[in-house]
Amino acid sequence: VTTVIFLLNLLIAQLNCAYQSTYKDMLGFARLNRGKIVVETMPSVPKRRWDAFCSFLHLDDRIQFGEGDLGLAGGIQVWEPSSANITTVDMIKRFGGSTSPVA
């Protein structure tokens, strides 16, 4: 009886892993298909409209990581609740001194 229960649990674990792998593949194929649609649609977008969209994104502006903490340019800032990704160690390495290239 114990062996049957063990083998049944093993089968369930195998099926669960197979489902997770299939789900990840499905998400990957969905993203590839979405990318394919974007690539196929881009030639039909007028250059003026594309330039207006790019300027609306403000990719030349620096992103603010926190209050007064300016980061890099070329990104889009996304706000999320602080409980979404809890970290106990600050991942940004900070160094004293000027960041100016001419200093």
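Preceding this paragraph is the structure being described.
Since the structure is predicted, the reported quantities are computational estimates derived from the model, not experimental observations. (Residues numbered from 1 in each chain as written. Predicted model: local features only at pLDDT ≥ 70, side-chain atom pairs only at ≥ 80, totals over all residues. Heavy atoms only, no water.)

**Notes on the pattern of salt bridges**
Charged atoms that come close allow side chains of opposite charge to pair. If you walk through the whole model with that rule in mind, you get one salt bridge. Note that D51 is salt-bridged to K47, the shortest N-O span being 3.3 Å. Within this pair, D51 and its partner K47 are both found in helix α2 (residues 47-56), separated by four residues, close to a single helical turn. Overall, the relative accessible area of 61% leaves K47 in the exposed class. (Salt bridge = Lys/Arg side-chain N within 4 Å of Asp/Glu carboxyl O. Helix = DSSP H or I, 4+ residues; strand = E, 2+ residues; numbered from the N terminus. Buried < 20%, exposed > 50% of the residue type's maximum accessible area, 1.4 Å probe, protein only.)

**Observations regarding the packing of aromatic side chains**
By the definition in use, this model includes two aromatic pairs. Relative to Y23, the ring of Y19 lies with its centre 6.4 Å away and its plane at 25°, an arrangement referred to as stacked. Of this pair, Y19 and Y23 both sit in helix α1 (residues 2-41), four residues apart, roughly one helical turn. For Y23, a relative accessible area of 40% gives the class partly exposed. Taking the centre distance of 5.6 Å and the plane angle of 40° together, the rings of W50 and F53 count as tilted. Here W50 pairs with F53, and both are found in helix α2, just three residues apart, close to one helical turn. Looking at W50, the relative accessible area reads 36%, which means it is partly exposed. With relative accessibility at 40%, the residue F53 sits in the partly exposed group. (Phe/Tyr/Trp six-rings, centres within 6.5 Å; stacked < 30°, edge-to-face > 60°.)

**Description of the layout of surface pockets**
Taken as a whole, the largest pocket encloses approximately 500 Å³ of empty space. What the second largest pocket holds in volume is close to 170 Å³. Lining the second largest pocket are R62, F65, D69, L70, G71, I92, K93, R94, F95, G97 and T99. Those elements that place two or more of their residues in the lining of the second largest pocket are β1 (62-66) and β2 (69-73). The biggest single contributor to the lining of the second largest pocket is β2, with three residues. Its residues assigned to classes, the lining of the second largest pocket shows four nonpolar, three polar and four charged. (1 Å grid on protein atoms, 1.4 Å probe; cavity = no way out; pocket = protein on both sides within 12 Å on 5 of 7 lines; lining within 4 Å. Points joined across faces, edges and corners; volume = space filled by probe spheres on them. Nonpolar A, V, L, I, M, F, W, Y, C, P; charged D, E, K, R; others polar.)

All we've got here are geometric facts, nothing functional implied.
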